[in-house]
Amino acid sequence: MVKLNWLVYRKHIVKLLPLLGVTDPQAVWQQAKAKYKSEMKRLPDYGKYDVLKLNLAHAVMLGAIYESCAAKPTVNQLAKFYRDMVLAPKLVRAAFAKKDMVSAKAMAMQRRQGEKSQKAQHPYTWQYKMTNEGNRRFTLQFTRCGICDYLTDRGLRHIVPAMCAMDYAFGEAGNHLFLRKETLATGGSMCDCTYIGKDVATAAEREESRQDCLAEARRGGMH
């Protein structure tokens, strides 16, 4: 999946690069591809306790694209580019529309994965635990984020919010509402990610999600 990731998004990346102010998408694509391959070879392999492996590949990809742009795009531009790129493939949109993040099976999987992540040792991994589980809702408290740690080490911490914003987009495309009060990328003690089934979400929770998204965008330098 990690190796196929770049190929799946290739044509969409080239098509969307003008959103970043790129005038020669093919040239930037070639530069970014070389950076991506170099970085993926440099990174150590994940161990059996590491989770969310594909997310790191996305961070490497977006970092490579950003570094390949002669005129660096704003975080706002990067967030729109990343959102449109990720949701461009029809299969991806269909998968999110079908996936039930708050089913009993999905919550059990998240609980197990969170417990497993506590033993993860990769330098760019995720560690989290599940809380507030019940009534088609739960919260994941992330104390480590591979995306944030990786891009920070690359000197690109300021672009992390462009990737964080996708959590709200995934909720819009899927069957759940997403809420978050703080992120590691913007100085928080954790990333407190709450998922609520749209079928049980109240009007107040929907407004809370909207306000969380706006507040997070402001903290991350977006508007």
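Structure shown above.
Residue numbers restart at each chain and count upward from 1, following the sequence in its written direction. With pLDDT at 70 or above as the cut-off, local features in this predicted model cover only qualifying residues; side-chain atom pairs require 80 or more to be listed or tallied, and sums for whole chains, interfaces and linings still use all residues. Hydrogens are left out, water is left out, and the side-chain values use all remaining heavy atoms of the structure.

(A) Broad picture of the sheet that holds strand 4 (residues 191-197). Here, strands pair whenever DSSP counts at least two bridges between them. Think of it this way: any DSSP run of H or I at least four residues long counts as a helix, any run of E at least two long counts as a strand, and we number them from the N terminus. Read from one edge of the open sheet, four strands run 1-2-4-3, paired in antiparallel fashion. Two strands in the sheet have a free side with no partner beyond their single neighbour: strand 1 (127-131) and strand 3 (176-180). The mean angle between the axes of side-by-side strands here comes to 20 degrees, regardless of whether they run parallel or antiparallel. Across five bridges, strand 1 lies against strand 2 (residues 137-144) in antiparallel orientation. Bridged to Thr131 within strand 2 is Thr139. Along the sheet, helix 10 (residues 203-219) makes contact with strand 2, strand 3 and strand 4, crossing strand 3 at roughly 50 degrees. An axis is simply a line fitted to the C-alpha atoms; with a helix, the fit covers only the stretch in contact. Between two such axes, the angle follows the N-to-C directions and lies from 0 to 180 degrees. Contacts: residue pairs with any heavy atoms within 4.5 Å of one another.

(B) Representation of helix 9 (residues 166-173) in the model. Relative accessibility under 20% of the residue-type maximum defines a buried residue, over 50% an exposed one, and the middle range a partly exposed one, all with a 1.4 Å probe and only protein chains included. Buried within helix 9 are the following residues: Met166, Tyr168, Ala169, Phe170 and Gly171. Its buried side turned inward, helix 9 meets helix 4 (75-87), helix 5 (90-98), helix 8 (160-164), strand 3 and helix 10.

(C) Just unusual backbone geometry, in detail. Its identity is not glycine, yet Leu52 carries a phi of approximately 55 degrees, on the positive side. When you line up the elements, Leu52 lands in the loop between helix 2 (25-42) and helix 3 (53-68). At Asn135, a position not held by glycine, the phi torsion is positive, near 50 degrees. Here Asn135 shows up in the loop between strand 1 and strand 2.

(D) Structural view of the environment of Ala34. Among the structural elements, Ala34 can be located in helix 2. Assessed through its relative accessible area of 48%, Ala34 is described here as partly exposed. Distance in space between the C-alpha atoms of Ala34 and Ala64 is 8.4 Å, their sequence separation being 30 residues.

(E) Region of the structure containing a nonpolar patch on the surface. Judged by side-chain polarity, Leu4, Leu7 and Val8 come together as a nonpolar surface patch covering roughly 290 Å² of accessible area. Relative to the helices and strands, Leu4 is located in helix 1 (residues 2-16). Like charges within 9 Å and nonpolar side chains (Val, Leu, Ile, Met, Phe, Trp, Tyr) within 5 Å are joined into patches, using only residues over 30% in relative accessible area that form no salt bridge. Accessible surface area values rest on a Shrake-Rupley calculation with a 1.4 Å probe, where residue burial reflects the displayed protein chains alone. Basic side-chain nitrogens of Lys or Arg form a salt bridge, by our definition, when they fall within 4 Å of a carboxyl oxygen of Asp or Glu.

(F) Expanded view of the pattern of salt bridges. Counted according to the given criterion, the structure contains 14 salt bridges. Two residues, Glu67 and Arg154, come together in a salt bridge whose shortest N-O distance is 2.2 Å. Separated by 87 residues along the polypeptide, Glu67 in helix 3 and Arg154 in the loop between helix 7 (146-153) and helix 8 bring together distant segments of the chain. A salt bridge links Glu133 to Arg111, with the nearest nitrogen and oxygen atoms 2.6 Å apart. Linking Glu133 in the loop between strand 1 and strand 2 with Arg111 in helix 6 (residues 104-117), this pair joins segments that are 22 residues apart in sequence. Connected via shared salt-bridge partners are Glu39, Arg42, Glu67 and Arg154.

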